[in-house]
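# Coordinates in review
Single-letter residue listing:
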Amino acid sequence: METTQQAGEPGAGERRRRELLEAADRVVLRDGPKASMNAIAAEAGITKPILYRHFGDKAGLYQALAVRHTDALLDSLRAALDAPAERRRRVESTLDTYLAAIEARPQVYRFLMHPAEDSHSTERGFDVGLHSAPLLRRLGEELAQVIGERVDLGPGGERLARVWGHGIVGMMHAAGDWWLGERPCDRADLVAGLTDLLWGRLATAGNREDGPGF
């Protein structure tokens, strides 16, 4: 007898989409930017037209994977920012959380941030900037919101919070990309150096009276 779907439970279509994304994840972990729609379809046990039916094209699949991994990263960053510790330690923990995430899954990072590397000829034309830039903008806006809610930056504070949010994300991305490629130092050394760079005005700014503190 068919059971009624409970409220909040994923439907068959949503479950199938999740299964396909998990198959794509496995291929990306193995192949990085070289991950192809053919390989993902084979991993999922389906034909490529079925994969296209669910995601449209490689850009659609990329966007779905990007949302999946960015959501997970943001959850981890929020947990680091909310941890009970003094401010500098939370800054260090947040930077370390980002770097640990890209270090743990470098192939996923390269697929998301350098998807055009080693692309198969049939998939050329995939615009890395068109798709990766929105991920960084989203991270910047999320961090700006956290800063704006917690730190008293005085007149023009909302604008300055956005400057800081996008600036910090840009710094993390550029420094992390360089570090992941060259490994010139330990992760802890990079975290300490970036924290020193950020510490300036953030060290002296007071918490907002109506905010949760930072």
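Whatever comes next refers back to the structure up there.
Keep in mind that this is a model prediction, so the values were computed, not measured. (Residues numbered from 1 in each chain as written. Predicted model: local features only at pLDDT ≥ 70, side-chain atom pairs only at ≥ 80, totals over all residues. Heavy atoms only, no water.)

### Side note on the side chain of threonine 94
What counts, and what does not: The numbering of helices and of strands both runs from the N terminus, where a helix is a DSSP run of H or I of at least 4 residues and a strand a run of E of at least 2. Only protein chains enter the accessibility calculation, which uses a 1.4 Å probe; a residue is then buried when its area is under 20% of its type maximum, exposed when over 50%, and partly exposed in between. Any pair of residues with heavy atoms lying within 4.5 Å of one another is described as a contacting pair.
Here threonine 94 lies in helix H5 (residues 87-104). When its relative accessible area of 9% is taken as the criterion, threonine 94 is described as buried. Contact partners of threonine 94, with chain neighbours within four places excluded, come to Leu77, Ala80 and Leu81.

### Observations concerning the pattern of salt bridges
Keep this limit in mind: Just to be clear on terms, a salt bridge is a Lys or Arg side-chain nitrogen sitting within 4 Å of an Asp or Glu carboxyl oxygen.
Under the definition given, this model contains 17 salt bridges. In this structure, arginine 78 and glutamate 142 form a salt bridge, with 2.9 Å as the shortest nitrogen-oxygen distance. Highlighted residues: arginine 78 in helix H4 (residues 58-82) and glutamate 142 in helix H7 (residues 128-150), separated in sequence by 64 residues. In this structure, glutamate 103 engages arginine 187 in a salt bridge whose closest nitrogen and oxygen atoms are separated by 2.6 Å.

### Quick look at the packing of aromatic side chains
The cut-off we apply is this: Stacked, tilted and edge-to-face are the three classes applied to pairs of Phe, Tyr and Trp rings, where Trp contributes its six-membered ring and a pair requires centres within 6.5 Å; stacked means planes under 30 degrees apart, edge-to-face means over 60, and tilted covers the rest. Any Lys NZ or Arg CZ found within 6 Å of a ring centre and within 35 degrees of that ring's normal is scored as a charge over the ring.
Taken as a whole and assessed by the stated rule, the structure comprises one aromatic pair. Both rings, one in tyrosine 62 and one in phenylalanine 111, keep their centres 5.8 Å apart while their planes meet at 45 degrees; by these two values the pair is tilted. Taken as a pair, tyrosine 62 in helix H4 and phenylalanine 111 in helix H6 (residues 106-113) lie far apart in primary sequence, 49 residues in all. Here tyrosine 62 matches phenylalanine 111 in class, with each residue buried. For the cation-ring pair, arginine 183 lies above tryptophan 179, with the distance from its terminal atom to the ring centre recorded as 4.7 Å.

### Some thoughts on unusual backbone geometry
With a phi angle near 45 degrees, arginine 183 is a residue other than glycine that sits in the positive phi range. Tracing the backbone through its elements, the reader meets arginine 183 in the loop between helix H8 (157-182) and helix H9 (187-204).

Shape descriptors only; they carry no functional weight alone.
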